[in-house]
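# Fold and geometry: a report
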Amino acid sequence: MVNSGDMDTQKENSQEEMRVLYETSMRSPQEGNVFKGSIIKINNDSAIVDVGLKSEGTVPLREFSKGSGPEVNIGDEVEVMVVGRDRESGLLLLSKQKVDEIRTWESVDKSLADGTQIEGTIVSEVKGGFMVNIGGINAFLPLSQVDIKPVKNPSTFVGRSLKFKVLKVNKRKGGVIISRRVLLEEEREKKK
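In this report, we go over the structure that sits alongside the text.

Criteria and thresholds
Residues numbered from 1 in each chain as written. Predicted model: local features only at pLDDT ≥ 70, side-chain atom pairs only at ≥ 80, totals over all residues. Heavy atoms only, no water. Helix = DSSP H or I, 4+ residues; strand = E, 2+ residues; numbered from the N terminus. Buried < 20%, exposed > 50% of the residue type's maximum accessible area, 1.4 Å probe, protein only. Contact = heavy atoms within 4.5 Å. Pairing = 2+ DSSP bridges. Axes fitted to C-alpha atoms, helices over the stretch in contact; angles between N-to-C directions. Salt bridge = Lys/Arg side-chain N within 4 Å of Asp/Glu carboxyl O.

### Focus: the overall build of the protein chain
Check the secondary structure of the protein chain and you find 3 helices and 10 strands. Ordering the α and β elements of the protein chain from the N terminus gives α-β-β-β-β-β-α-β-β-β-β-β-α. Burial status across the protein chain gives 31% buried among its 192 residues. Counting only contacts in the protein chain whose residues sit at least 6 apart along the sequence, the fraction spanning at least 24 positions is 51%.

### Description of the sheet that holds strand β5 (residues 92-95)
In spatial order, the strands read β1-β2-β3-β5-β4; together these 5 strands close into a barrel with mixed pairing. On average, adjacent strands in this sheet sit at an angle of 55° to one another, irrespective of strand direction. Bridging between strand β4 (residues 77-85) and β5 involves 4 bridges; their strand directions are antiparallel. Paired with Val82 across the two strands is Leu94, which belongs to β5. Along the sheet face, helix α2 (residues 96-114) touches β1 (34-42), β3 (57-60), β4 and β5 and points at about 115° away from the line of β4.

### Quick look at the pattern of salt bridges
Following the criterion strictly, the structure yields 7 salt bridges and no others. A salt bridge links Glu119 to Lys163; the shortest N-O distance between them is 3.2 Å. With Glu119 in strand β6 (residues 118-126) and Lys163 in strand β9 (residues 161-170), this pair connects stretches of sequence that are 44 residues apart. Taking relative accessible area as the criterion, Glu119 reaches 47% and is therefore assigned partly exposed.

The following block contains the structure:
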């Protein structure tokens, strides 16, 4: 005869096993899942990331670049998305860029909703304004929204990192329209 104490222990063990299985399945390396991990090794063209699963993953070094080359060190914490698995090595294929893009869209939406400032770099002059890089997303800055007074020499703005406010977003087309002028007008009003 099994005493009730053993039954309770078995029940607790099976509940614990179910909890562990559930948590493990929630952390499964399915495409599109996002994990936080740390960089454990850097190769010529990729960083190896431990995301706490059975196998590590690899992220192309170019995804860490900020102009002058990759800015990445062993031990760095990084948020990555599973994009596949390498059949030969068994390593997960990870993307930092895809997560960065999601976070950028979140900050764009926040700026549109509550007027928070967003930072970007003016990358080129285009017809009627500028293209601005905001965390990997291209935004359009109309010439009329660059400054309070008319801009006499637009090319002087190319390459500058400035703060902006989001005026309009069309996610379907990937379009974002921003303004620097609105921020400057707000600052001028505060000074008054």
